[in-house]
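# Commentary on secondary and tertiary structure
Listed below, chain by chain, are the residues.
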Amino acid sequence: MAKALEAISKFMWGTPLLVIILFTGMFFTFATGFFQFRYFGHIMKQTFGKLTKKDDEKGEGLLSSFEAVSTAIGGSVGVGNIGGVATAIAVGGPGSVFWMWLCALLGILIKNVEVTLAVHYRMKDEQGNPYGGAPYYMERGLGEEKGIKGWSILSTLFTLGMLLPFLAPMQTYTISEAISGTFNIPILAVAVTYVGFTYIIIWKGIAGVGKIASKVVPFMCLCYVLGGLFIIFKNASTIPESFALIISGAFNGTAAAGGFAGAAFAKVIRIGIARSVYSNEAGWGSSPLIHSTARVDHPVKQGLWGSFEVFVDTIIVSTVTALIIIVTGAWQSGASGATLTLNAFESELGYVGRIVMTIGIFLFGLTTGTGWYTYLEMVLRHLFRKNVAMKIKVLTFFKRFYMVPGITMVFIAVTVGIPTGYMWYFADIASALPTFVNVLVILLLSGKYFQLLKDYKARYLGIGQVDPEFCIFYEDQKNKTVKVHN
């Protein structure tokens, strides 16, 4: 079974997917004149610079821009940053971190594009609340605007891929493994506790998750980063050597060292990019689902928050994790997953550090689990949008049984004894399908993004002239067309 999972993961994260992700990132980077680099200061000013200000955005939506990005960061900053990055280094060596960084720098713009499109093409439900995301811009952008009849096939493939993490979620196992190992508590008992906390948070729906995420996520990230920086600077003398390992390993592969078995060049690239996507979800099409519910008066404004999300997730949090593991030498221990990160913390901060880190993992996993609940609810809302009665029944069932597959997976992993590294092959398979479909779709809709970015620059950066006839939201464009025909 383990070899079969590895083979499937390797196939799905093979050359075609890696090429299309890198091509998409470079395409938008060149076409926008390196927007994520030239306007990085503007992105930070409009996001990080507004964290302490009260939300005053105009527009319709369930969540404020900050609540939306907190939910999205909560959904992405979690097991991928702690267990995923650790596994990437354990399997691909330090060189995988370089490809994780490269993918993230391109991902900053990819996430901007998909969030912008999600907000632009969002539609209202029977209660007047806006919802959007990849299935929505496939239907409206490809189907209605471009007249592509095959949009429903792409939407079905995307939805199938998005629902796979529901059947095989990594966070329940990763959290249970970490806490069980630290406190010597049966792993199933930990899983049941985690499930209980998750249900408490999701019971009030998307709005409730957003409010909790906006309070927990900033505190959670800050504590983790500060603890990590302490360890990194404590080992300051090994920082130059660590960066040398990252750069050399990125292009030459990584030779065996200590408990590390070594990794070939191609494997280093594949693991680095796969873990980057699983960590920050750029191109996956997941977090735009929740970003689309934000109260915002221009799609690109929320797209900036999408860029901020990737920056925080990978360039800051995942980098801290990677450097902790490399500077302490823990990457050569033979351990992997969350255990590797915990060992690195414990080696420098003692058992107290391991306990603090374990609590952090619990919070990371909790926000990941609740964040993904909102993503999957949005997908189901689109799937059953034309049958309100059925939609209500499906959403009710989903809320009640959301955590059942997770705890079942823990039970199977414990009884069968699947190695942690192979558990991550489930994650790779789950992320590959929707990512491939989504990046293809945003390439097809690139023209609309360029129009929205041009309008944003004219309105808020003073670059170019504002076109008074341009419709910022597709809903307005559609209503305008109906009036003209009438």
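Up top you'll find the structure we're talking about.
Okay, so let's go over this structure. (Residues numbered from 1 in each chain as written. Predicted model: local features only at pLDDT ≥ 70, side-chain atom pairs only at ≥ 80, totals over all residues. Heavy atoms only, no water.)

With that settled, consider the overall build of the protein chain. Of the regular secondary structure elements, the protein chain holds 22 helices and 2 strands. Relative to its 486 residues, the protein chain shows a buried fraction of 60%. Counting contacts in the protein chain only where the partners sit at least 6 residues apart, residues at least 24 apart contribute 82% of the total. With an accessible surface of roughly 18,800 Å², the protein chain has 67% of that area assigned to carbon and sulfur atoms. (Helix = DSSP H or I, 4+ residues; strand = E, 2+ residues; numbered from the N terminus. Buried < 20%, exposed > 50% of the residue type's maximum accessible area, 1.4 Å probe, protein only. Contact = heavy atoms within 4.5 Å. Areas by Shrake-Rupley, 256 points an atom, 1.4 Å probe, with all protein chains shown as cover.)

In terms of nonpolar packing, the biggest core is built from 128 residues, with Trp13, Tyr137, Met138, Met162, Ile273 and Tyr402 touching the most fellow members. Ranked by residues supplied to this core, first place goes to helix α17 (residues 337-383) with 16 residues. If we ignore the near neighbours within four places in the chain, the residues touching Trp13 are Leu18, Ile21, Arg270, Ile273, Ala274, Val277, Asp428, Ser431 and Ala432. (Core = buried A, V, L, I, M, F, W, Y, C linked by side-chain atoms within 4.5 Å.)

To continue, consider the environment of Phe398. One can find Phe398 in helix α18 (residues 388-401). Discounting chain neighbours no more than four positions away, the residues touching Phe398 are Phe166, Tyr373, Leu376, Glu377 and Leu380.

The geometry of a pair of packed helices is captured by two quantities: the angle between their axes and the separation between those axes. It is at 9 Å that the axes of helix α16 (residues 299-327) and helix α21 (residues 446-461) come closest, and there the two elements cross at 100°. If you check the angle between α16 and α21, you find them roughly perpendicular. Of α21, the residues touching α16 (which contributes Pro299, Val300, Lys301 and Leu304) are Leu452, Leu453, Tyr456 and Tyr460. Of the residues assigned to the contact of α16 with α21, the class counts are 7 nonpolar, no polar and 1 charged. (Axes fitted to C-alpha atoms, helices over the stretch in contact; angles between N-to-C directions. Parallel < 35°, antiparallel > 145°, perpendicular 65-115°, else oblique. Nonpolar A, V, L, I, M, F, W, Y, C, P; charged D, E, K, R; others polar.)

Right, let's talk about the packing of aromatic side chains for a bit. Tallying each qualifying case throughout the model produces 25 aromatic pairs. Between the aromatic rings of Phe98 and Trp99, the centroid separation amounts to 5.3 Å while the plane-to-plane angle is 85°, which identifies the pairing as edge-to-face. Residue Trp99 is classed as buried on the basis of its relative accessible area of 10%. Here Tyr373 and Tyr402 contribute two aromatic rings whose centre-to-centre distance is 5.5 Å and whose plane-to-plane angle is 70°, an arrangement assigned as edge-to-face. In this pair, Tyr373 is assigned in helix α17 and Tyr402 in the loop between α18 and α19 (404-417), connecting sequence segments 29 residues apart. Neither residue differs from the other here; Tyr373 and Tyr402 are each classed as buried. Put simply, the rings of Phe23, Phe27, Phe28, Tyr449 and Phe450 touch in pairs and so form one group of aromatic residues. It is Lys399 that lies over the ring of Trp203; its NZ or CZ is 5.7 Å from the centre. (Phe/Tyr/Trp six-rings, centres within 6.5 Å; stacked < 30°, edge-to-face > 60°. Lys NZ or Arg CZ within 6 Å of the ring centre and 35° of its normal.)

To continue, consider the packing of helix α7 (residues 95-120) against α21. Direction vectors running N to C along α7 and α21 enclose 90°, while the axes themselves pass 10 Å from each other. Comparing the axis directions of α7 and α21 gives the class roughly perpendicular. Every residue of α21 that contacts α7 at Leu109, Asn112, Val113, Thr116, Leu117 and His120 is listed here: Lys448, Tyr449 and Leu452. Partitioning the contact of α7 with α21 into residue classes produces 5 nonpolar, 3 polar and 1 charged.

Our next topic: α16. Helix length check: α16 (29 residues) gives 41 Å between terminal C-alpha atoms against 42 Å at 1.5 Å per residue, within 8%. Of all the bends in α16, the greatest, near 30°, is centred on Thr319. Counted residue by residue, α16 has 27 buried out of 29 residues, so it is predominantly covered. Positive phi appears at Gly329, one or two residues downstream of α16, with a value of about 80°. (Expected span 1.5 Å × (residues − 1). Bend = angle between axes of the 7 residues up to and from the residue.)

Turning our attention to the side chain of Thr314. When you line up the elements, Thr314 lands in helix α16. Every residue in contact with Thr314, bar those within four places of it in the chain, is listed here: Met100, Ala104, Ser279, Asn280 and Thr319.

What follows concerns the pattern of salt bridges. Inspection of every chain in the model, using the stated rule, returns 8 salt bridges. Across the pair Lys111 and Glu309 runs a salt bridge whose closest N-O atoms are separated by 2.8 Å. Of this pair, Lys111 sits in helix α7 while Glu309 sits in helix α16, and the two are 198 residues apart along the sequence. One salt bridge in this structure joins Glu348 and Lys234, with 3.6 Å as the shortest N-O distance. Here Lys234 lies in helix α12 (residues 205-234) and Glu348 lies in helix α17, a separation of 114 residues in the sequence. On the basis of relative accessibility, which here comes to 47%, the residue Lys234 falls in the partly exposed class. (Salt bridge = Lys/Arg side-chain N within 4 Å of Asp/Glu carboxyl O.)

Right, let's get into α18. The first and last C-alpha atoms of α18 sit 20 Å apart over 14 residues, in line with the 20 Å expected at 1.5 Å per residue. The set of residues buried in α18 consists of Lys391, Val394, Leu395, Phe398 and Lys399. Buried positions in α18, seen along its axis, are confined to an arc of 130° and lie on one side of it. Of the exposed residues in α18, the ones pointing more than 90 degrees away from its buried face are Lys393, Phe397 and Arg400. (Arc of directions from axis to C-beta.)

A few words now on the side chain of Ser286. With respect to the helices and strands, Ser286 occurs in the loop between α14 (265-280) and α15 (288-291). Beyond its immediate stretch of four places on either side in the chain, Ser286 contacts Met162, Glu281, Trp372 and Tyr375.

Glancing now at a nonpolar patch on the surface. There is a patch of nonpolar side chains on the surface, built from Met26, Phe30, Phe34, Phe37 and Leu105 and spanning about 480 Å² of accessible area. With respect to the secondary-structure elements, Phe30 resides in helix α2 (residues 15-31). (Patch = residues over 30% accessible without salt bridge, like charges linked within 9 Å, V, L, I, M, F, W, Y side chains within 5 Å.)

All right, on to the environment of Pro135 then. Looking at where Pro135 falls in the secondary structure, it is placed in helix α8 (residues 134-145). Remark: the alpha-carbon pair of Pro135 and Leu383, spanning 248 residues in sequence, is separated by 8.4 Å.

Time to look at unusual backbone geometry. Within the chain, Phe34 stands out as a residue other than glycine whose phi angle is a positive 60°. Counting through the fold element by element, Phe34 comes out in the loop between α2 and α3 (35-38). One non-glycine residue, Glu281, lies in the positive phi region at around 65°. Mapping Glu281 onto the fold places it in the loop between α14 and α15.

Purely geometric numbers; function is a separate question.
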